[in-house]
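This is what each chain is made of:
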Amino acid sequence: MKLSPIPNITLNDGNTIPQLGFGVFQIAPRDTAQAVSKALEIGYRHIDTAEMYGNEKGVGEAIRASGLERGEVFVTSKLNNGFHRPDDARKAFSTTLSELGFDYLDLFLIHWPLPTLYGGDFVSTWKMLEEFYRDGRARSIGVSNFQIEHLQPLAAETDLVPSVNQIEVHPYFTNEAVRAYGREHRITTEAWSPIAQGKVLGDPTITELAAKVGKTPAQVVLRWHIQRGDIVFPKSTTPSRMKENFDLFDFELERADISRISALNRGESGRVGPNPDTFAYIPR
Ligand code: NDP
């Protein structure tokens, strides 16, 4: 068997996760199985989906059709915003498993904290995820889009520390304080929209460094994440870009160049996605 070039990261529960994966946000349900099949063929062994994306079924189909063992592919899904109440969360988790056609999930996340909904009670929702972890159907559990003030009540009032916090991170929004809280509390950061949905790729600092190391702008930005220790899962439906985004392990950025990329941070105005403090969207 060919050895994977992708490093594994060990989570606080002892499970391991490939540091590079493939994200399927905004891939149409009818195109998802084909995209995931291509990703698996290239060598990706970690897929990031969500109930909200409507494409869990295609992810499961592609994994089954690949001939790989279930245990060879790390799959994450997320609890949708309409299902934070405990009974709804139970049903939603079962539906996620049946859409994927799996009897367990590698990682299940609360997609958004929604502090302005459900009376601000995401702690009860987290306790449901603890239940899925204890019954073995979620091998690891974590959160997404949690700010420090959302992580603190979990630490004070619940038993398990989230294994990951999946948050927006890219050169225009480096999200350092939340990342630092994660480091201090053994919560691994997963960086979503790692290339800012393409917006950072024309930045003069990035294109200059790409020319210097002989790689593409996307590879430089993804390598920056890898060397900072975060987990990434860029999305692409373009096979050549899927290959490009996988090819990150034969070069290194110098420490000074990593700092130059981090210095592109624009703070709040650099976000490409919503602010978790106010995001209150419930899909119908
Ligand atoms: P990305 O930062 O991964 O960017 C995706 C976009 O960049 C697509 O338009 C893609 O185009 C383009 N692209 C990809 N690779 C290249 C390349 N090498 N060169 C040029 N352009 C490229 O954005 P996403 O928002 O999709 O984030 C990635 C993943 O993060 C998602 O799929 C999802 O799994 C997760 N996520 C989680 C969120 C959360 O709330 N937890 C929120 C947002 C994302 P094309 O497909 O046409 O090639």
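Since the structure is predicted, the reported quantities are computational estimates derived from the model, not experimental observations. (Residues numbered from 1 in each chain as written. Predicted model: local features only at pLDDT ≥ 70, side-chain atom pairs only at ≥ 80, totals over all residues. Heavy atoms only, no water.)

### Brief notes about the site of the ligand
Right, on to step 1. In the vicinity of the ligand lie 28 residues, with Asp48, Ser193, Lys235, Ser236 and Thr238 positioned nearest.
Right, on to step 2. Between the ligand and Trp192, the relevant distance is 3.5 Å, taken from an oxygen atom to a side-chain nitrogen or oxygen of the residue.
Right, on to step 3. The separation between an oxygen atom of the ligand and a polar side-chain atom of Thr238 is 2.6 Å.
Right, on to step 4. When the ligand is considered free in solution it has 910 Å² of accessible area, and contact with the protein chains removes 88% of it.
Right, on to step 5. In terms of residue count, the dominant contributor to the shell around the ligand is helix α9 (residues 239-246) (3 residues).
Right, on to step 6. Looking at side-chain class alone, the shell around the ligand contains 12 nonpolar, 11 polar and 5 charged residues. (Near = heavy atom within 4 Å. Polar contact = N/O pair within 3.5 Å; in protein donor to acceptor, adjacent residues only side chain to side chain. Areas by Shrake-Rupley, 256 points an atom, 1.4 Å probe, with all protein chains shown as cover. Helix = DSSP H or I, 4+ residues; strand = E, 2+ residues; numbered from the N terminus. Nonpolar A, V, L, I, M, F, W, Y, C, P; charged D, E, K, R; others polar.)

### As for helix α7 (residues 204-213)
Right, on to step 1. Buried within α7 we find Thr205, Ile206, Leu209 and Ala210. For α7, the angular spread of buried residues about the axis comes to 135°, placing them on one side. Exposed side chains of α7 directed beyond 90 degrees from the buried face belong to Pro204 and Ala211.
Right, on to step 2. On the buried face of α7, the contacting elements are α8 (217-228) and α10 (255-262).
Right, on to step 3. Regarding α7, its N-cap is Asp203, as a side-chain oxygen of that residue lies 2.9 Å from the backbone nitrogen of Thr205 further along.
Right, on to step 4. Among the residues trailing α7, Gly214 stands out with phi positive, at a value near 70°. (Buried < 20%, exposed > 50% of the residue type's maximum accessible area, 1.4 Å probe, protein only. Arc of directions from axis to C-beta. Contact = heavy atoms within 4.5 Å.)

### Some details on the sheet that holds strand β5 (residues 74-79)
Right, on to step 1. Ordered by their spatial adjacency, 8 strands build an open sheet running β3-β4-β5-β6-β7-β8-β9-β10, and the pairing between neighbours is parallel. Each edge of the open sheet is held by one strand with a lone partner, namely β3 (22-23) and β10 (231-232).
Right, on to step 2. For β5 and strand β6 (residues 105-110), the ladder comprises 4 bridges, and the chain directions are parallel. Bridge pairing in β6 links Lys78 to Leu109. (Pairing = 2+ DSSP bridges.)

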